[in-house]
Amino acid sequence: MSITRRVFLRDSALAAVGTAALPVFLRRAAFGAEQTAKTRRLVVIFQRGAADGLNIVVPHGEPAYYAMRPSINIPRNAVLDLDGFFGLHPAMPAFEPLWKQRHLAIVHAAGSPDPTRSHFDAQNFMESGTPGVKATDDGWLNRALHAAPADNSAFRAIALGPSLPRILSGSEPAVAMNNINDFGVGGRNPNAAPIANTFEAMYAHSVDSVLHGTGQETFEAVKMLKSADPSKYTPAPDADYPGGRFADSLKQLAQLIKANLGVQVAFADIGGWDHHVNEGSTQGQIANILHDFSQSLTAFWTDLGDLAEDTVVVTMSEFGRTARENGNRGTDHGHANVMFVMGGPVKGGKVYGRWPGLDPSQLYEGRDLALTTDFRQVLGEAVSRHLGNKSLDQVFPGFENQPGKFLQLLG
Amino acid sequence: MGFARRKLGLVLALSLLGLALAAPFALGKKKEKQNSAGQMDEQKRALHALNRLTFGPRAGDVERVTATGVDRWIDEQLHPEKINDSALDTRLAPLRTLRMDTREIVENFPPPQLIKAVEQGKQSLPSDPVKRAVYQDQIERMQEKQDRKQEAASADPPAADAGKNKLTDEERARRREDRLYADLKAQELLDMPPDQRMKEILKMSPEDRRALTASLKGAKRDEFIEGMTPQQRETLMALDHPQLVVPLELMQAKLLRGTYSQRQLQEVMTDFWFNHFNVFIGKGADRYLITSYERDVIRPHAMGKFEDLLVATAQSPAMLFYLDNWLSVGPNSDIANGVPRSANKAWRKRSNQKNASTKQSKGKRSGLNENYGRELMELHTLGVNGGYTQSDVTEVARVFTGWTLKQPRQGGDFTFEERMHEPGDKTVLGHRIKPAGEKEGLEVLHLLAHNPSTARFISTKLAMRFVSDNPPPALVDRMSQTFLKKDGDIREVLKTLFQSPEFWSPEAYRAKVKTPLEFVVSALRASDAEITDAAPIARQLQAMGMPLYGMQPPTGYSMKAETWVNSSALLGRMNFALALTAGKLKGVQVASDRVLGAASPPPDPQLTLALLENNLLAGGVSRQTHDTIAAQLKDPKISGRQLDDPARPPNVAVIAGLILGSPEFQRR
C-alpha cells in the first residue's frame, strides 16, 4: 500500500518492454504516447447546487473558519487531517486511501471568476467554459475533442443522464445515456429487433447527411453496446458502490469503460448541495451527500482497476458558499470552491492553489472565499496534458491558458 | 372533412393497386426531376408552407391548402384574428388557470409564503369551501413537515440512536394505520357518484384528506378521477400540490394549441417569441407569472410591432422577476441614500452632501443589477455583436432602476418606483438620456427597437426559424430593410420572408431538422391523435431535453440541427413514434382508421404502407426509406401476419411508427 500503483507502473513498465504477458496498460505505457493517447479519458463531475467547499476540505488551521461558523463547523478533532492545515470532512474516509496513494489531489479556492451568484448562470458558464459570455452555444468538454487524437468510437463522448448537458453539446458527436438497458429501440422487448433493424437500414441508406451520420453513430453505439454486453462487466468485488443516482451513473460509466467502448470524455452530475437551511456539520445533510459522493467516486476508481491509470476525474461546482453561516444554520451563495482531481497521472496527496485566507479583509466582497485558481487552469491542464489537445485557445476562448500557468497537477 | 380525406385515401389506394409497388418510387423520381429545375410544383409548395408555417401537416392538409391556393392560405395565417378557432377553445375550456389573472392564480393555488401567512394568522382563510380546503391541507402539510424536522433534530446526536429507531418504529406503525384508513376511505368514496365524492372529500378533516390525496397514485388515481369533471380533477390536484396545477395547465395548453389550433402561424410565432424573450418557470415567482406572460404579453404581439412587444416584455412581471431587474436599485437613489419618503428638497440637499463622504456605509439594497440590461441588448435586441459596450450595459441598468414589482410573490404588477431610480443623465449607445424617470426606459427601448443591429438580429433569427440554420444573407438584408422601413412591423417582415425566392428555393425544402417540440407535435398532428391528457407528452419532451417552459438560461432553446441531432435524441424519437402509434403513450389515442384514412387496412401490406406514406408524410418519402420498410414487410413482426393466420391484417401501428421515426419525418 505504501508504494503507489503509479510509481510501480513507471519503474517496472520500462524494464519489462516486450513481455507479452504484461497487463495491457503496462504495454501501452511502455510503447509510448502514440498508443496510450487513444484510451486516455477525462471524466468530469458536476456538483450542482453549489457545494460548500469550506466544509468539504476544511481549513482547520484557520481560527477565522471556526469564528464564522459557530454551529456548522467541522471540529478539529473530527476532520480527517490531510496536511496539518486542511482536512477532509469526516464523512469522506473513502478518499483517504486515494490521498495516501497520491492519486487524489485537491485544488482549493478555485472556480469561475464571474461574480454571478445565480445557479443557472454560473453552471452555464462552467459548462460553456466562457464565464460572462452567454452567447457561447457549445460546451468546453465537446470542444476539448476538436483537436484531441481522433477515435471513431460512438462512445467517445458520453453523458450519463436523460439529455445531453451543455458541457458536451457542440459539433463533436456525443451520446447521452440515461440507462444502459434502455439504450436501443423498443427497450428490452425481443420482438423489437426487426423494428430496430428497419430503422437502422433506413438511416444507413438515407441521403440525408446529418441524420445519416448520427443514425449510423447511434446504431453503431447500440450495436457496440449490445456486443460489448456491458452487463457482463459487473462491478469489481471490492468496488463498494452506495445506492442512488450518482453511484448508478458511475457504475454504468465504469461498465462502458471496461467494455472497451473507446470513451474519451465523460460527464456525470450529482445534485442536492444547496444547503441554505440546516446544513449540518459532522452529521446531517452535508455529511450524507459527501458520503454518497466520495464513496461513489472511490468505488468507481476501484472498479476501473488497471484502467484507472489512463483516467483523470475532475470535480467542480458552480460556486462556493458564504464563509459565514447564515441565520438558518446554513450557508448562502458564495464564490470560490474546492475541486478534486483524481487519477493515474495525478500528482496527488497535495492541496494545490494559493490559500487566500478567511480573515474578513481577505474575503471576496467581504463574505466569500476569494478565488485564486481559475477552473480553466485546472481543466486546461487536463485537456492539454492528459487528452493531448494543445489548442486551449479554442477550448477556453478568451482565457490565457499557457502551460506555464498550469498547477503541474499531472505527472 | 374527415370523410373527404378518407375518400381520397381510398381513391389513392385503388389507383395504387393498379400500379402495384412501382408507384411510390415513380412519384419520387418525378419530384426529384422537378427539384433540379429549381421550382416547386403547387403540391410541394403547399407541403413546404405547411411544414414551415404550422407545427406540421395533418393528413389532408396539403389538399386543402392546394385547393385554397398556397398564397391565399399564407395570407389567412398572417391574420389569425379572422380564423375561427372555437374547436380549440372547447378543448382549452377545462384549463381554468389560463383565464385567471395572476392574483387569482396565487389565491387559488397558494405558494408556501401565502400558506405560512395564513398559518400565522396574518391572513384569513378563504371562505370558499374548495379554496379553504386547499389552504387547510397545505397548512396541515406544512405542520407535518415541521413536526418531522423537529423529530429528526431531536434524534440527531449519535447517542440518541436507540431512541431514534424506536421513534421510527412508532412513526412507521402510525403511517401504516393512516394508509390503511386512507385506502378504506378511498374505497368508500369510489362507490359514490363523482359529484358526491367531491363533496365528501371537502367535508373531511384536513388530516384525513391529506392522507387520502397522498394515497392516490397510479391506477388507483385514474380510477378515482374517472367520471369527475375537469374542475374536480383540478381541485383534487390542488389539494395535493397546488403549485403544480399552474405549470401543468400551461404545458397542456401549449401542446393542445400546437396540435389543434387553426391559427397555426400565430402559435408558431408565439413559440418563437416566447423562446426569444425566454423566461424560466422554475425560478421562484415565475411559476405564477408565465400564464399571463404568454397570454397577455407574447401572443397578442406575436405579429404586431416589435417595439410594442419589447415594451410589454420589459414591463412584464415575469421578465422583471426572471432577470432580477425588480431588485435593481440606483446607487444614488433615495432608497440607497436612506432618504425618507416624505423628505423635502432641503433635506435631500443636506443629506446628499453628507452622504458623499460616507458612501460605503449606505443601505444594503443599493445594488445595481445588470442582468436585464445585458440580456436586453445581447439577446432581445442588438445581438451579441450588435455594437454595445460594457459601459452601455451599466448605463442601461441605471436607466431601468425603479422598474420593479409590487410584491411579486403575490402576483404583484409592474410599477415604477421613483425612489429606487438612479438620478442624473445616462448615455446609451452615444445618445444622451435626460432624467425623465420611467420615460427614460421607454426612450431606450424605442432606440433599441429601431436600431439596424436589432433589425438584422431579429431578421436573422426569423430566417433561421423559417428557412435554414444558415439563412442566405441577401434575404436577411431585405427582411432588415422591411423591418426598418415598416417600423418593426413583424407581419410585414414575415411577408417579405414568405414572398422571397429564398423561402421557396429547393435548398430550403426540408432543410430544417425539427426540434423535439416540433417533432412531437407534428407526429400528433400527422397521426390525427386524440389527446385526453397532455401531461405524459410534456414528460416525454422533458426526457428529450426540451422541457416546456423549462429552459433555464435566457438564451432560449437552440433552433439548430446540431443541438437536436444526437444518438439518445434519435432513439428517443424512434421510441416515441412507436409508442404513440402503438397506443402505449398515456393520455393519447391514435385510432388506426384515422391514421390510415380508411376503415381497415388493405390486406396487402405494401398498399397499407403506401397509404400511410401518403397520410403521414404527404407522400414525400424517399425511395430509400420506402424500399427499406417495404423489404421488411415480409417479417411477420412488422407486417402483423402470422404463418398460421394469413388473414390477419397488416400492423398499421408498427408501419406508422416506422414512418414517424424515419429520417424524412425528422425534418420540416
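It should be emphasised that the depicted structure is a prediction, and the values quoted were computed from it without experimental measurement.

Participant: Any chance you could explain the overall build of chain B here in plain terms?
Facilitator: Each helix and strand in chain B was counted, giving 36 helices and six strands. Within the span of chain B, comprising 668 residues, buried residues form 54% of the whole. At a minimum sequence separation of 6, the contacts of chain B that also span at least 24 residues come to 72%. Accessible surface computed for chain B: about 29500 Å², of which carbon and sulfur atoms make up 53%.

Participant: Would you take a moment to explain the interface of chain B and chain A for this structure?
Facilitator: Reports often express the size of an interface as the amount of accessible area lost when the parts come together. Each partner contributes to the interface: chain B provides 40 residues, whereas chain A provides 37 residues. Roughly 3500 Å² is buried in total at the junction of chain B and chain A, and carbon and sulfur atoms are behind 66% of that figure. Considering only the surface of chain B that becomes buried against chain A, Ser567(B), Leu571(B) and Pro663(B) emerge as the three largest contributors, covering 16% of it. Where chain B packs against chain A, one counts two salt bridges. With a shortest N-O distance of 2.1 Å, Glu375(B) and Lys134(A) are connected by a salt bridge. Applying the counting criterion to the chain B and chain A interface returns eight residue pairs in polar contact (both at pLDDT 80 or more).

Participant: Honestly, the nonpolar core in this entry has me stumped. Any pointers?
Facilitator: Note on soluble globular proteins: their nonpolar side chains tend to be buried together. In this structure, Phe293(A), Met269(B), Trp273(B) and Phe466(B) are the most contacted members of the largest nonpolar core, which totals 233 residues. Here this core gets 10 residues from one element, more than from any other, and that element is helix α11 (residues 285-304) of chain A. Residue contacts for Met269(B): discarding those within four places in its chain leaves Ala302(B), Met303(B), Leu462(B), Phe466(B), Ile490(B) and Leu494(B). If you look at the next biggest cluster of nonpolar residues, it comprises 39 residues, including Ala105(A), Leu145(A), Ala157(A) and Ile167(A).

Participant: I would appreciate a short explanation of the confidence of the model for chain B in the present structure.
Facilitator: Caution is warranted with low-pLDDT regions, since their predicted coordinates should not be read in detail. When pLDDT is averaged along chain B, the result is 86, and 86% of the positions lie at 70 or above. Across residues 157-165 of chain B, confidence stays below pLDDT 50; counting only partners more than four residues off in sequence or on other chains, it has three contacts.

Participant: Help me out: how do you make sense of the side chain of Gln252(B) in this one?
Facilitator: When you line up the elements, Gln252(B) lands in helix α15 (residues 242-260). Apart from residues lying up to four places away in sequence, Gln252(B) is in contact with Leu95(B), Asp533(B), Ala534(B) and Ala535(B).

Participant: Is there a simple way to think about the pairing of strand β6 (residues 157-160) of chain A in this case?
Facilitator: Look at any regular strand and the pattern is simple: side chains alternate between the two faces of the sheet. Residues and elements named next belong to chain A. Burial of β6 is two-sided: the residues Ala 157 and Ala 159 facing one way and the residues Ile 158 and Leu 160 facing the other way are all buried. Pairing between β6 and strand β8 (residues 265-271): three bridges, direction parallel. Residue Ala 157 lies in a different strand from β8, and its bridge partner there is Val 265. Sheet topology note: the β6/strand β7 (residues 175-177) ladder contains three bridges and is parallel. Of the residues in β7, the one forming a bridge with Leu 160 is Met 177.

Participant: Looking at this structure, I do not really get the pattern of salt bridges. What am I missing?
Facilitator: Pairs may arise between side chains of opposite charge once their charged atoms sit close together. On inspection of all chains with the given rule, the structure shows 53 salt bridges over all chains. Ionic pairing is found between Arg385(A) and Glu381(A), a salt bridge with its closest N-O pair at 3.4 Å. In this pair, Arg385(A) and Glu381(A) both sit in helix α12 (residues 375-386), four residues apart, roughly one turn of the helix. By relative accessible area, Arg385(A) is classed as partly exposed at 32%. For Arg45(B), the salt bridge is made with Asp71(B), and the minimal N-O distance between the two is 2.9 Å.

What counts and what doesn't
Residues numbered from 1 in each chain as written. Chains lettered and ligands numbered in written order. Predicted model: local features only at pLDDT ≥ 70, side-chain atom pairs only at ≥ 80, totals over all residues. Heavy atoms only, no water. Helix = DSSP H or I, 4+ residues; strand = E, 2+ residues; numbered from the N terminus. Buried < 20%, exposed > 50% of the residue type's maximum accessible area, 1.4 Å probe, protein only. Contact = heavy atoms within 4.5 Å. Areas by Shrake-Rupley, 256 points an atom, 1.4 Å probe, with all protein chains shown as cover. Buried area = accessible area lost by both parts, 1.4 Å probe. Salt bridge = Lys/Arg side-chain N within 4 Å of Asp/Glu carboxyl O. Polar contact = N/O pair within 3.5 Å; in protein donor to acceptor, adjacent residues only side chain to side chain. Core = buried A, V, L, I, M, F, W, Y, C linked by side-chain atoms within 4.5 Å. pLDDT = per-residue confidence, 0-100. Pairing = 2+ DSSP bridges.

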